[in-house]
Amino acid sequence: MLPTSTTTTTPPTPKPPSPCFPNSTTASPKSPKPPYLSAIDRKPSSSSLQFQPYFFLPNHVRLWLLLFIISLQIIILFMARTLHLSHRRSHFPSHPHHHLLQNPPNISSTSPSSSFSPPHNCSFRRIFVYNLPAVFNQELLDNCVELDPWHSRCRALSNDGFGSKATGLSGVIPEDLVPAWYWTDQFAMEIIYHNRILNYKCRTMEPDSATAFYIPFYAGLAVGKYLWFKYRWKDRDRYCEMILKWLQEQPHWNSSGGWDHFITMGRITWDFRRTKDEDWGSKCIYLPGMRNITRLLIERNPWDYFDVAVPYPTGFHPRSDSDVLEWQDFVRNRNRKTLFCFAGAPRDTIKNDFRSLLLRQCMNVSGLCRAVDCAGTRCSNGTSLVLEAFLDSEFCLQPRGDSFTRRSIFDCMVAGSIPVFFWHRTAYLQYQWFLPSDPKSYSVFIHRNEVKNGTSIKSVLESYSKEEVKKIREKVIEYIPKLVYAKPKEGLESIKDAFDVAIEGALKRIKEQKQFGHKWK
């Protein structure tokens, strides 16, 4: 069974290995000599007389002869070592392209860049990407019109998951950065990761040399089409059962039980944690075979060690390091006209809806708060309303969404606005790899019960001095690269984005698990 609380599980300390030599106080039992040794013992000793003249040489001659023999042995040993290294290098080409798989036919991607690190830098982080049957990824994209019961998802999932190019941003952001913006869907993470990992610098075509195995199954897209209306629990579980059956036929899966495998699941973890047949979502995470896989999701279960929360995709996809630096300067020097803002839709069907309370507080402080009522489709992909609100505000209010997290957190921070949280699980227990360890360094926390009991959000935020606000904002701006997904399939030149942080974190975790032998019994 899974551990009940594994958020900070420390692998058990390994016991020191048993000595490979016998205890010095215990005599080793004598084994009878094999027949071939007995035969040698019985050979006449006359052969040793061939070397007897050596012992009758003068002492200084024997010394020089001994030194000559030792020197000759050292020279021979050195030459043999040099030849061996030269021979070994000839079997491991210096150019990384030799170690990369050809792109699977079911996914489009460009050739890996020649700027990738040489193979010897990938010794402990080589990733093998399974070339899954198309039913698990490409066919889902090909049938994108069927992924949503209300409208086609084809446009949202186009451009390798980035969606259509953003429009209406002229005059809102620097003109030369407009091409770096897309109307990206919040559930497109699986496609973005898959296309990036196909061009990862340490991808290997040899599974025997891999330290980790990536499963490019679009679990979020597969379950999303069955979450509403007439579909049964069997429909929602079908794809996950199929992929696990396929994996269990793979030799490298069986050799590790999935401990060195990882997967991206582009929805929140609760969409894969159905406990009763009549409940929401699939039971994918609870199926046999899933428990040992590291799972990258946009929202995790804080008490499941194998869940890792990664940033929701935002609209900003920098093309180069210079795009990142220019954007950071832009949001740093932005003239922010309002103290705080809130973008969200009230939940009229929920009694004492917290979002409605935030909207009322915002509207009651005329000129100090900007409210964007997202009822209907007013805040859907394809509008700049939310981005403008975040760019113009010092702080942005971030209650929980339909679940504990929401994409708006990352839209807010990318715009250089300081997030205000009301639940710890909205960010602090989620994105530890991507956010500062000290919550106060980049955010403000006001407990929701204080707001319900009459605490004025305006008064709390006005209590921060200009110097404090500037310091907190600088920390937000510092972390922007870790919150965005770069446009180039090879990544940025020297800056690590959210993909880099996620993959390196997963590889580090898998390496530690192997070192400690931390496996299920």
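Before reading on, note that the structure itself is shown above.
The shown structure was predicted, so the numbers you read here are calculated from the model rather than taken from an experiment.

## Here we look at the overall build of the protein chain
Then, number 1: A count of helices and strands for the protein chain gives 16 helices and ten strands.
Then, number 2: When each of the 521 residues of the protein chain is scored for burial, the buried share is 49%.
Then, number 3: Contacts in the protein chain between residues at least 24 apart in sequence constitute 73% of all its contacts with a sequence separation of at least 6.
Then, number 4: With an accessible surface of roughly 27,200 Å², the protein chain has 57% of that area assigned to carbon and sulfur atoms.

## Overview of helix α10 (residues 354–363)
Because an α-helix packs 3.6 residues into every turn, residues spaced three or four apart end up facing the same way.
Then, number 1: By the criterion of burial, α10 is predominantly enclosed, with eight of the ten residues buried.
Then, number 2: F354, R355, S356, L357, L358, L359, Q361 and C362 are the residues of α10 that are buried.
Then, number 3: Where α10 is buried, its residues touch β6 (338–344), β7 (369–373), β8 (393–398), α13 (448–452) and α14 (457–462).
Then, number 4: With a side-chain oxygen lying 3.4 Å from the backbone nitrogen of R355, the N-terminal cap of α10 falls on D353.

## Overview of the pattern of salt bridges
Then, number 1: In total, this model carries 23 salt bridges according to the counting rule given.
Then, number 2: Of the charged contacts, one joins R238 and D235 as a salt bridge, the two residues approaching to 2.7 Å between their closest N and O atoms. Here the residue R238 and the residue D235 both occupy positions in helix α7 (residues 233–247), the gap between them amounting to three residues, near one helical turn.
Then, number 3: With relative accessibility at 11%, the residue D235 sits in the buried group.
Then, number 4: A salt bridge links E462 to K458, with the shortest nitrogen-to-oxygen separation between them at 3.1 Å. One end of the pair is E462 and the other is K458, both in helix α14 and four residues apart, which spans about a single turn.
Then, number 5: Of the residues examined, E462 reaches a relative accessible area of 41% and is grouped as partly exposed.
Then, number 6: It is possible to trace a salt-bridge network through shared partners that takes in R273, R295, D304 and D307.

## Considering the sheet that holds strand β5 (residues 307–309)
In a beta sheet, neighbouring strands pair by backbone hydrogen bonds and run either parallel or antiparallel.
Then, number 1: In spatial order, the strands read β1-β2-β3-β4-β5; together these five strands make up an open sheet with parallel pairing. Lying at the two open borders of the sheet, with one neighbouring strand each, are β1 (127–129) and β5. Within the sheet, the average angular offset between the axes of one strand and its neighbour, ignoring direction, is 30 degrees.
Then, number 2: Sheet topology note: the β1/strand β2 (residues 212–215) ladder contains three bridges and is parallel. Its bridge partner lying in β2, I127 is registered against A212.

## What to know about the side chain of N292
Then, number 1: With respect to the helices and strands, the residue N292 is situated in the loop between β3 (261–268) and β4 (294–299).
Then, number 2: According to the relative accessible area criterion, N292 is buried, its value standing at 8%.
Then, number 3: Of note is the side chain of N292, whose polar atom sits 3.0 Å from the backbone oxygen of G257.

## So, the state of the cysteines
Then, number 1: All told, the structure shown has five disulfides when counted by the stated rule.
Then, number 2: Between C144 and C154 runs a disulfide, and the two sulfur atoms are separated by 1.8 Å. Residues C144 and C154 are joined through a disulfide that is right-handed, its torsion about the S-S bond being 95 degrees. Placement of C144 in the loop between α4 (138–142) and α5 (189–197) and of C154 in the loop between α4 and α5 is noted, with a sequence separation of ten residues between them.
Then, number 3: The buried category is assigned to C144, whose relative accessible area is 8%.
Then, number 4: Accessibility expressed as a relative area gives 27% for C154, which makes it partly exposed.
Then, number 5: Each disulfide pairs two cysteine sulfurs, and for C396 the partner residue is C412, the sulfurs being separated by 1.8 Å.

## As for the packing of helix α9 (residues 321–332) against helix α15 (residues 466–478)
Then, number 1: Contact geometry for α9 and α15: axes closest at 10 Å, N-to-C directions at 160 degrees. As judged from the angle between their axes, α9 and α15 are roughly antiparallel. Like other packed secondary-structure pairs, α9 and α15 cross with a definite hand, here right-handed. Of α15, the residues touching α9 (which contributes Q328, V331 and R332) are R473, E474, I477 and E478.
Then, number 2: Class assignment of the residues belonging to the contact of α9 with α15 gives a composition of two nonpolar, one polar and four charged.

## A look at the sheet that holds β8
Then, number 1: Strands sit in the order β7-β6-β8-β9-β10 across an open sheet of five strands; the sheet is parallel. Here the strands that pair on one side only, and so sit at the sheet edges, are β7 and β10 (444–445).
Then, number 2: Examined bridge by bridge, strand β9 (residues 418–421) and β10 share two bridges and lie parallel to one another. Bridge pairing links V420 to V444 in β10.
Then, number 3: In the packing of α10 onto the sheet, the strands contacted are β6, β7 and β8, and the crossing angle to β6 comes to about 145 degrees.

## Some points on the environment of F124
Then, number 1: Relative to the helices and strands, F124 resides in the loop between α3 (59–89) and β1.
Then, number 2: When the C-alpha positions of F124 and I510 are compared, they lie 9.9 Å apart, and in sequence the two are 386 residues distant.
Then, number 3: Not counting residues up to four positions away in its chain, the partners in contact with F124 are T211 and K511.

## Details of unusual backbone geometry
Then, number 1: Within the chain, N159 stands out as a residue other than glycine whose phi angle is a positive 55 degrees.
Then, number 2: Looking at the secondary structure, you find N159 in the loop between α4 and α5.
Then, number 3: Residue class for N159 comes out partly exposed when judged on its relative accessible area of 40%.
Then, number 4: Phi at D160 takes a positive value of approximately 60 degrees, unusual for a residue other than glycine.
Then, number 5: With respect to the secondary-structure elements, D160 resides in the loop between α4 and α5.

## A short note on the packing of aromatic side chains
By convention here, two paired aromatic rings are described through the distance between centres and the angle between planes.
Then, number 1: Summed over all chains, the structure comprises 28 aromatic pairs.
Then, number 2: Geometrically, the ring pair formed by F162 and Y182 is tilted, given 5.8 Å between the ring centres and 40 degrees between the ring planes. Of the two residues, F162 sits in the loop between α4 and α5 while Y182 sits in the loop between α4 and α5, which places them 20 residues apart along the sequence. With respect to class, F162 is no different from Y182; both count as buried.
Then, number 3: Centroid distance W181 to F316: 5.5 Å. Interplanar angle 25 degrees. Geometry classified as stacked. With a gap of 135 residues between them, W181 in the loop between α4 and α5 and F316 in the loop between β5 and α9 connect regions that are remote in the sequence.
Then, number 4: Here W181 falls in the buried class, since its relative accessible area comes to 7%.
Then, number 5: Three or more aromatic residues joined by ring pairs make a cluster, and in this case those are F128, Y130, F213 and W246.
Then, number 6: Over the aromatic face of F187 sits the side chain of R267, whose NZ or CZ is 4.3 Å from the ring centroid.
Then, number 7: Sitting above the plane of the F404 ring, R425 keeps its charged end 3.8 Å from the centroid.

Rules used throughout
- Residues numbered from 1 in each chain as written.
- Predicted model: local features only at pLDDT ≥ 70, side-chain atom pairs only at ≥ 80, totals over all residues.
- Heavy atoms only, no water.
- Helix = DSSP H or I, 4+ residues; strand = E, 2+ residues; numbered from the N terminus.
- Buried < 20%, exposed > 50% of the residue type's maximum accessible area, 1.4 Å probe, protein only.
- Contact = heavy atoms within 4.5 Å.
- Areas by Shrake-Rupley, 256 points an atom, 1.4 Å probe, with all protein chains shown as cover.
- Polar contact = N/O pair within 3.5 Å; in protein donor to acceptor, adjacent residues only side chain to side chain.
- Salt bridge = Lys/Arg side-chain N within 4 Å of Asp/Glu carboxyl O.
- Pairing = 2+ DSSP bridges.
- Axes fitted to C-alpha atoms, helices over the stretch in contact; angles between N-to-C directions.
- Disulfide = S-S within 2.5 Å.
- Parallel < 35°, antiparallel > 145°, perpendicular 65-115°, else oblique.
- Left-handed = near helix turned anticlockwise from the far one by under 90°.
- Nonpolar A, V, L, I, M, F, W, Y, C, P; charged D, E, K, R; others polar.
- Phe/Tyr/Trp six-rings, centres within 6.5 Å; stacked < 30°, edge-to-face > 60°.
- Lys NZ or Arg CZ within 6 Å of the ring centre and 35° of its normal.

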